[in-house]
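This is what each chain is made of:
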Amino acid sequence: MALRPGGMNRRPPVRKEEPYRINQLIRGVQQVRLVGDNVDQGIVDIRQALEMAQQQTLDLVEISPNADPPVCRIVDYSKFKYEQKKKQKELKSKQIKVVIKEIRFSPTTDDHDYDFKLKHATNFLKEGSKVKAYVQFSGREIVFKDQGFNLLKRFMSDLEEHGKLESEARLEGRRMNIIIAPKVKK
C-alpha cells in the first residue's frame, strides 16, 4: 500500500452493520407481524406496513427476523436504537462481577505468615471477593499432603464467620486448593 502525501497511511472507514433491518432493507418476506402502540396489531402485507410507516413519518423496524412471519414495529429508528443501548447498559451495570483472589501457602508455612495471609483473606471476603487458597507442593514436599490438607482445614475454620466453603480441598497436580465465597449480607 503506497503512502499518501504527508506520510499518513489512511484506510477507508469501517461501516458498522446495523443490528436491525429497516424499511426497504427488509427483503425476502411477503407478510410481517406488526406490533407496537400506534398500529393495529396483526399480520399485514410488507408493502402495506411500509406505507403505514411512511404515513406516520416513522421507520418499519424488523424486531424478530427468525419468527414466522417476522415481527416488525413502526418506530423512530434512532430513538429505538437509543433505547436499546440504554437497556443493554442497564443490564450490564446490574451484572455481578465475581473477583477471585488467590492466596498461596506451602506445607511449611510459618504461623506469622499464616496470620498475615489470613488477615488478607478476611479483607478480601469483606469486600465481596472470593478467595482461592492453595498449598503449592514443590519437589519432595508432595509426601506431606496431610500437612497441606490440615493447613487448608485450619484456614477454612478461621474464616468461618466471614465466608463459606464453596469447594472442598482437592489435589490437582502439585497444588491442593479450596475456594471460599463471602457470606451473603442480610
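Everything in this summary refers to the structure shown in the same document. The shown structure was predicted, so the numbers you read here are calculated from the model rather than taken from an experiment. (Residues numbered from 1 in each chain as written. Predicted model: local features only at pLDDT ≥ 70, side-chain atom pairs only at ≥ 80, totals over all residues. Heavy atoms only, no water.)

### Quick look at a nonpolar patch on the surface
- Residues I96, V98 and I100 make up a contiguous nonpolar surface patch of roughly 340 Å² in combined accessible area.
- Here I96 is to be found in the loop between α2 (77–94) and β5 (100–105). (Patch = residues over 30% accessible without salt bridge, like charges linked within 9 Å, V, L, I, M, F, W, Y side chains within 5 Å. Areas by Shrake-Rupley, 256 points an atom, 1.4 Å probe, with all protein chains shown as cover. Salt bridge = Lys/Arg side-chain N within 4 Å of Asp/Glu carboxyl O. Helix = DSSP H or I, 4+ residues; strand = E, 2+ residues; numbered from the N terminus.)

### Brief notes about the environment of D146
- Tracing the sequence through the fold places D146 in helix α4 (residues 145–158).
- Using a relative accessible area of 52% as the deciding quantity, one classes D146 as exposed. (Buried < 20%, exposed > 50% of the residue type's maximum accessible area, 1.4 Å probe, protein only.)

### As for unusual backbone geometry
- Backbone torsion omega between D68 and P69 reads -5 degrees, so that peptide bond is classified as cis.
- In this fold, P69 is placed in the loop between β3 (59–64) and β4 (71–75).
- Of note, T57 is a non-glycine position whose phi angle comes to about 50 degrees, a positive value.
- Note that T57 resides in the loop between α1 (46–55) and β3.

### A short note on the packing of aromatic side chains
- Tallied over the full model, the rule gives four aromatic pairs.
- Ring centres of F105 and F155 lie 5.1 Å apart, and the angle between their planes is 70 degrees; on these two criteria the pair is classed as edge-to-face. Of this pair, F105 sits in strand β5 while F155 sits in helix α4, and the two are 50 residues apart along the sequence.
- Among the residues examined, F105 registers a relative accessible area of 1% and is labelled buried.
- On the basis of relative accessibility, which here comes to 0%, the residue F155 falls in the buried class.
- Put simply, the rings of F105, Y114 and F155 touch in pairs and so form one group of aromatic residues.
- When the ring centre of Y114 is taken as origin, the NZ or CZ atom of R154, which lies over that ring, is 3.8 Å away.
- The ring of Y134 has R175 lying over it, and the distance from NZ or CZ to the ring centre is 3.9 Å. (Phe/Tyr/Trp six-rings, centres within 6.5 Å; stacked < 30°, edge-to-face > 60°. Lys NZ or Arg CZ within 6 Å of the ring centre and 35° of its normal.)

### Some details on the pattern of salt bridges
- Scanning the model with the defined rule gives four salt bridges in all.
- Here R47 makes a salt bridge to D45, at a shortest N to O gap of 3.3 Å.
- R47 gets classed as exposed once you look at its relative accessible area, which sits at 55%.
- Notably, a salt bridge pairs E172 with R170, separated by 2.9 Å at the nearest N-O pair.

### Digging into the packing of helix α3 (residues 111–126) against α4
- Put simply, α3 and α4 touch, their axes get as near as 11 Å, and they point 45 degrees apart. In terms of their interaxial angle, α3 and α4 are classed as oblique. Handedness of the α3/α4 crossing: right-handed. From α3, D111, Y114, D115, K117, L118 and A121 reach across to α4, where they touch L151, R154, F155 and D158. (Axes fitted to C-alpha atoms, helices over the stretch in contact; angles between N-to-C directions. Parallel < 35°, antiparallel > 145°, perpendicular 65-115°, else oblique. Left-handed = near helix turned anticlockwise from the far one by under 90°. Contact = heavy atoms within 4.5 Å.)

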